[in-house]
Amino acid sequence: MDKKNQSTITEFLLLGFGNLHNFKVLVFTLFLIVHIMALTANILVIVVVGVTQSLHSPMYFFLSQLSLSEILFTGNIVPNMLWLILVGGGRVSVVRCLAQFYFLGVPTIAECLLLATMSFDRHVAICRPLHYVSIMTITHQLQMVASCWLLGFILTLIIYISLNRLTFCGLNTINHFYCDISPLLRLSCSSTFSVELVTAMVAFPVILSPFVLIIVTYISIIRTILRIPSSIGRHKAFSTCSSHLIVVCVYYGTLSSIYIFPPKDNSINLNKGLSVLYTLVTPLFNPLIYSLRNQDIRGPIFKYIQSLRLWQAL
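First, a word on what this report is: a plain description of the structure on this page. All values derive from a computational prediction rather than experimental measurement. (Residues numbered from 1 in each chain as written. Predicted model: local features only at pLDDT ≥ 70, side-chain atom pairs only at ≥ 80, totals over all residues. Heavy atoms only, no water.)

For the coordinates displayed, the defined rule picks out 11 aromatic pairs. Seen in terms of ring centroids, Phe61 and Phe62 are 5.9 Å apart; in terms of plane orientation they differ by 45 degrees. Their pairing is tilted. Ring centres of Tyr251 and Tyr252 lie 5.8 Å apart, and the angle between their planes is 90 degrees; this geometry places the pair in the edge-to-face category. The burial state of Tyr251 is the same as that of Tyr252; both residues are buried. (Phe/Tyr/Trp six-rings, centres within 6.5 Å; stacked < 30°, edge-to-face > 60°. Buried < 20%, exposed > 50% of the residue type's maximum accessible area, 1.4 Å probe, protein only.)

Within this structure, the stated rule accounts for two disulfides. Paired through a disulfide, Cys97 and Cys179 show a sulfur-sulfur distance of 1.8 Å. Here the disulfide of Cys97 and Cys179 is left-handed, its torsion about the S-S bond being about -120 degrees. Within this pair, whereas Cys97 is found in helix α3 (residues 94–127), its partner Cys179 is found in the loop between β3 (173–174) and α6 (181–187), the two being separated by 82 residues in sequence. (Disulfide = S-S within 2.5 Å. Helix = DSSP H or I, 4+ residues; strand = E, 2+ residues; numbered from the N terminus.)

Moving on, we come to the sheet that holds strand β2 (residues 90–93). The strand order across the open sheet built from three strands is β2-β1-β3, with neighbouring strands paired in mixed fashion. The open sheet is flanked by β2 and β3, the only strands paired with a single partner. Here four bridges tie strand β1 (residues 11–14) to β2, and the two strands are oriented antiparallel to one another. The partner of Leu14 across the bridge, within β2, is Gly90. The sheet contacts of α3 involve β1, β2 and β3, and relative to β2 the element is tilted by about 85 degrees. (Pairing = 2+ DSSP bridges. Contact = heavy atoms within 4.5 Å. Axes fitted to C-alpha atoms, helices over the stretch in contact; angles between N-to-C directions.)

As structure tokens, this is what we get:
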């Protein structure tokens, strides 16, 4: 039947993880625990950075913004994912589905840009230490962070507007647990060329350009570190970058596996698994890396947790 003769649909059916049978409660509980841990860890980072005077530096300010992007990202995806696990799938309106995609794209773009901003901060700190204070002023920090979020809102809005012009009819089933651009394009019964063109012009530069900047800055950082005569000095310099480098590798590894080099259509379960890693595990992984590998932030976090325990004991 010609798609043009089919009625326009107003809602999609999200299949989620299908019928998990006896494993439903187990999977729900496991995902809920990881989600709560991720939210707690990221909120704790923001609070500790905000109240600890010794952490009022550009690196930790950018880290708190990174945690904020993770909170917004998981808060948009995970609660609905948990609901789909319990009910075995569910319906969502086209308007709500497109809105979920928008609030998925904003923190994703912002996080890519924030990671590049953090690499620039480390580059200035190691390669130009004498000029660090004059370059990384509070005004400059706020401008960079505001630019990351503003670009996230504007660039995602451009894609959202093009998606909003599509017509959906016929099949309305999305074999996933959130609304992403690929299944939406497959379900459209109108031409998707303009949307694909806009997405390519917006998304690929936003994903790849920060990654290229990170690579370039770290090449410069490594060269500078290798010229440090003291082995202790080299270790100290590299330790300030190692956490960020690990986060970049994990984030871009999962991001590229989903969007740049996605599994084939017959590997939908693999795609869902990678998406779970991207939406559930990575937001927990990032604050843990920074808190466990960095004494400056690990110490205040432990003191803050201890003070909470003492307050509860009273």
